[in-house]
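# Fold and geometry: a report
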Amino acid sequence: MFKIKKKADKPKRTVLYNIIEDYSEFDAPGNVTLCAMTEPEDLSAHAKILSESYDVPHETMTTLLNTGGIYVYPQIGGILTRGLFACRIDPAGRGPKQTWTLDLMQFAEAEQVARSKTLPMVDAAWEVFCKTLPDELKTKLQQKNLGLDYRTLDRAVAKGGDIKYIDFRKDWSPHFKRLCIMPDGRLVETGGLQEFAGLHNITVTQAQTLIEQGGTLDVNGEVLACQIVNGQPAVARFSAQNYAKAKDLVSSKGLHLMDALSEVGYNDPAMMRGLARKELAGKR
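Residues numbered from 1 in each chain as written. Predicted model: local features only at pLDDT ≥ 70, side-chain atom pairs only at ≥ 80, totals over all residues. Heavy atoms only, no water.

### Describing the confidence of the model for the chain
As a note on interpretation, predicted positions should not be read in detail where pLDDT is low. Going by this rule: The predictor attaches a confidence to each residue, and that confidence, scored 0 to 100, is pLDDT. Whether two residues are in contact is decided by their heavy atoms: any pair within 4.5 Å suffices.
Looking at the chain, pLDDT values average 85 and 86% of them are 70 or higher. Confidence drops under a pLDDT of 50 for residues 1-5, and excluding neighbours within four residues, the segment shows zero contacts in the predicted structure. Taken as a whole, residues 277-284 scores under 50 in pLDDT and shows five contacts with residues more than four places along the chain or in a different chain.

Written as structure tokens, this is what we have:
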């Protein structure tokens, strides 16, 4: 008699956050997405994602999530071009672990605060960071579990208990998924820089530069265009034909290439179907 093999269960997808509040429309530098977790921290997965998102060495990120502290981005060509990444852990264990970043201006201010008040740098960084946040979020941070009414929360979230950690993120999305509109109108989702780079056959460095700075990147006759809107990158890939149309508009109308690509995209029925689907998905 043959034994029927039971199909192996699919590995559970790692979930880093089960509470997400979007404040990304607020004025910079306080434009953040609050991402929190009530379940126990998966330190390995947490460190991996944050390491990739913020270009912090994985071992350093793991140490920061274990002990707290700051990571100052290294100088490039003798010039500091980025601020710092910080992780704050309540030594008494009463509050959640918190991570965030400071830009260069905030970093300089935090150094002054640390010197003038004789504070540890991570505490000075927290003081500088907090004052930029929207008032609604400042109020919530002073309350246990952000003042959430656990009776109204989803049972799966509430059963985890207190919030274990909060990441104040400024990257693509709270789910680390990047949607790209392809030339045929498909919306393709990727979950990290390497996957995004692999989809478009570009290097990870090229991918990171594109999503951080925006602009265009030629790819095998086609073009990837990234526009930063309210601090959030939006990416579309244009066919060689549409790329040629956009370059013609640049020549004939004196448009900026990004504006020309937008005009071409809005006049392309396939790409507009992709945009319409994206809008509908966002309203669900």
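### Thoughts on the packing of helix α1 (residues 43-54) against helix α2 (residues 58-67)
Each pair of packed helices gets described by two things: the angle between the helix axes and the distance between those axes. Note the threshold: To obtain each axis, a line is fitted to C-alpha atoms, and for helices this fit is confined to the stretch in contact; angles are then taken between N-to-C directions over 0 to 180 degrees. Labels follow the DSSP assignment, with helices taken as runs of H or I lasting at least four residues and strands as runs of E lasting at least two, numbered in each case from the N terminus. Oblique is the label for every angle not falling under 35 degrees (roughly parallel), over 145 degrees (roughly antiparallel), or within 65 to 115 degrees (roughly perpendicular). For any pair of crossing helices, the crossing counts as left-handed if the nearer helix is rotated counterclockwise from the farther one by less than a right angle, and right-handed if it is rotated clockwise.
With their axes 9 Å apart at the nearest point, α1 and α2 run at an angle of 125° to one another. Overall, the two elements α1 and α2 adopt an arrangement that is oblique. When you trace α1 past α2, the crossing you get is right-handed. Counted together, Leu43, Ser44, His46, Ala47, Lys48, Leu50 and Ser51 of α1 and His58, Met61, Thr62, Leu65 and Asn66 of α2 form the full contact between these two elements.

### Some remarks on the packing of helix α3 (residues 104-117) against helix α4 (residues 121-130)
Two elements in contact, α3 and α4, have axes separated by 8 Å at closest approach and are oriented at 125°. Between α3 and α4, the angle falls in the class oblique. Between α3 and α4 lies a crossing of right-handed hand. Residues Gln106, Phe107, Glu109, Ala110, Glu111, Val113, Ala114 and Lys117 of α3 form the contact with α4, whose own contacting residues are Met121, Ala124, Ala125, Glu127, Val128 and Phe129.

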